[in-house]
Amino acid sequence: MAGTAGYGEAAEALVAQYESVTFDEVHREVLHLFPSEPSSVLDIGAGSGRDAAALAARGHRVVAVEPTTEMRTLGRSLHADQDIEWIDDALPGLPRLSARQPRFGLILLTAVWMHLDEQQRSAAMAHLAGLLEPGGRVILSLRHGPVPEGRRMFPVTARETVALARRSGLHVVHHARREDPHGRPGVAWTCLGLRLCAGGGTCPEAG
């Protein structure tokens, strides 16, 4: 089963669900980690474009990666008033994007990481680090709880994710757990903020 399984068929309902909560509510624990000055931002698994649109409205240059055609089409239409570059691409390798060798001040992954298996997560973290500008940040959320029928998700932990980040030259600048913004029973999230270590290489344990 692909990581995108179930999203195309339910695209309209999912877009309505995603748009029912605001960018500020979803990211309330990590708002201080977003750039205060215009920056180059990559939103991976952009979905409805809610976050990409909010960031573009704040003056950032936003690239939205979304592998599901139906989601990408709806997101582009819904937020046509914002200057967002939409790309059909996917983790772990992001081949279309990586071929351009871009660099970003911020990479955002909201409700994405649990769709990758263990091997894919390891490869993806290294790719993310390679896309960051010096001092750039990654903000990602880890989903905990039951897997919806027809979807592919894997259990992910903060411990594993932090270890992968350190091996890829990223250190933790934020770590918090929160309830599900949609109020789904049994679902919770871990919010992580990661920053590219000075000089690259493996980060110290104290990170």
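This one's a predicted model, so the numbers in the text were calculated from it and none came from an experiment. Think of each chain on its own: its residues are numbered from 1, step by step along the sequence as written. At least 70 in pLDDT is required for a residue's local features to be given in this predicted model, at least 80 for side-chain atom pairs to be given and counted, and no such filter applies to totals for whole chains, interfaces and linings, which use all residues. Hydrogens are left out, water is left out, and the side-chain values use all remaining heavy atoms of the structure.

### Some points on the overall build of the chain
And then number 1: Counting secondary structure elements, the chain contains 7 helices and 7 strands.
And then number 2: Put simply, DSSP marks the helices as runs of H or I at least four residues long and the strands as runs of E at least two long, and each gets a number from the N terminus on. Shown N-terminal to C-terminal, the secondary structure of the chain runs as helices and strands in the order α-α-β-α-β-α-β-α-β-α-β-α-β-β.
And then number 3: Just to be clear, the radius of gyration here is over C-alpha atoms, and the globule rule we use is 2.2 Å times residues to the power 0.38. Taken against the 2.2 N^0.38 rule, which gives 17 Å for 207 residues, the C-alpha radius of gyration of the chain at 16 Å falls within 12% of a compact globule.
And then number 4: If one aligns the C-alpha atoms of the chain with their principal axes, the spans along those axes are about 45 × 35 × 30 Å.
And then number 5: Think of it in three bands: with a 1.4 Å probe and only protein chains considered, a residue is buried below 20% of the maximum accessible area for its type, exposed above 50%, and partly exposed in between. Looking at the chain as a whole, 52% of its 207 residues qualify as buried.
And then number 6: Sequence separation of at least 24 residues holds for 69% of the intrachain contacts in the chain that already meet a minimum separation of 6.
And then number 7: Only carbon and sulfur atoms are counted for the fraction: they give 51% of the accessible area of the chain, which is about 9500 Å².
And then number 8: For the chain, the separation between the mean place of its 21 positive charges and that of its 24 negative charges on side chains is 6 Å. By definition in these notes, contact holds between two residues if any of their heavy atoms fall within 4.5 Å. The accessible surface values rely on the Shrake-Rupley method and a 1.4 Å probe; as for residues, cover is taken only from the protein chains in view. Under the counting rule used here, the positive set is Lys and Arg, the negative set is Asp and Glu, and His together with the chain ends is not counted. In plain terms, the charge of a residue is placed at NZ if it is Lys, CZ if Arg, CG if Asp and CD if Glu.

### Brief notes about helix H3 (residues 50-57)
And then number 1: With respect to burial, H3 is a largely interior element, 7 of its 8 residues being buried.
And then number 2: Looking at H3, one finds that the buried residues are Arg50, Asp51, Ala52, Ala53, Ala54, Leu55 and Ala56.
And then number 3: For H3, the elements touching its buried residues are helix H1 (11-19), helix H2 (23-26), strand S1 (40-44), strand S2 (61-65), strand S3 (84-87) and strand S4 (104-109).

### What about the packing of helix H6 (residues 118-130) against helix H7 (residues 158-167)?
Helix packing geometry: the angle between the two helix axes and the distance between the axes.
And then number 1: Only the stretch in contact is used when fitting a helix axis, every axis being a line fitted to C-alpha atoms; angles between N-to-C directions are given from 0 to 180 degrees. Contact geometry for H6 and H7: axes closest at 9 Å, N-to-C directions at 40 degrees. By the angle between their directions, the pair H6 and H7 is classed as oblique. Here H6 and H7 pass one another in a crossing that is right-handed. The residues of H7 that touch H6, namely those facing Glu118, Arg121, Ser122 and Met125, are Glu160, Thr161, Leu164 and Ala165. To sort the angles, those under 35 degrees are grouped as roughly parallel, those over 145 as roughly antiparallel, those from 65 to 115 as roughly perpendicular, and the leftovers as oblique. Left-handed describes a crossing whose near helix is turned anticlockwise from the far helix through less than a right angle; right-handed describes the clockwise counterpart.

### Quick word on the side chain of histidine 174
And then number 1: You can see histidine 174 is positioned in strand S6 (residues 170-179).
And then number 2: Those residues in contact with histidine 174 that sit more than four places away from it in its chain are Glu29, Val30, His32, Leu33, Cys191, Leu192 and Gly193.

### Section: the UniProt feature "domain: Methyltransferase" (unreviewed entry) in the chain
And then number 1: As recorded in UniProt, the sites labelled "domain: Methyltransferase" (unreviewed entry) are residues 41-136.
And then number 2: Taken end to end, residues 41-136 is 36% helix and 25% strand, and its two terminal C-alpha atoms sit 10 Å from one another. UniProt positions are given in the numbering used here, feature names are shortened, and annotations may be inferred rather than shown by experiment.

### Concerning the sheet that holds S6
And then number 1: Pairing in this open sheet of 7 strands is mixed, and the strands run S3-S2-S1-S4-S5-S7-S6 from one edge to the other. In the strand order of this sheet, the two ends are held by S3 and S6, each with one partner. With direction set aside, neighbouring strand axes in the sheet form an average angle of 15 degrees.
And then number 2: One ladder, built from 5 bridges, connects S1 with S2; its direction is parallel. What sits directly across from serine 40, in S2, is arginine 61.
And then number 3: In the packing of H6 onto the sheet, the strands contacted are S1, S4, strand S5 (132-144), S6 and strand S7 (188-196), and the crossing angle to S5 comes to about 145 degrees. For two strands to count as paired, DSSP must find a minimum of two bridges between them.

### Observations concerning the pairing of S1
And then number 1: Within S1, 5 of the 5 residues are buried, leaving the element largely enclosed by the surrounding structure.
And then number 2: In terms of handedness, the path from S1 via H3 over to S2 forms a crossover that is right-handed.
And then number 3: Here S1 runs beside S4; their pairing, made up of 4 bridges, is parallel. Bridged to valine 41 within S4 is leucine 106. Handedness is read with the strands pointing away from the viewer; a crossover is right-handed when the path from the first strand over the helix to the second is clockwise.

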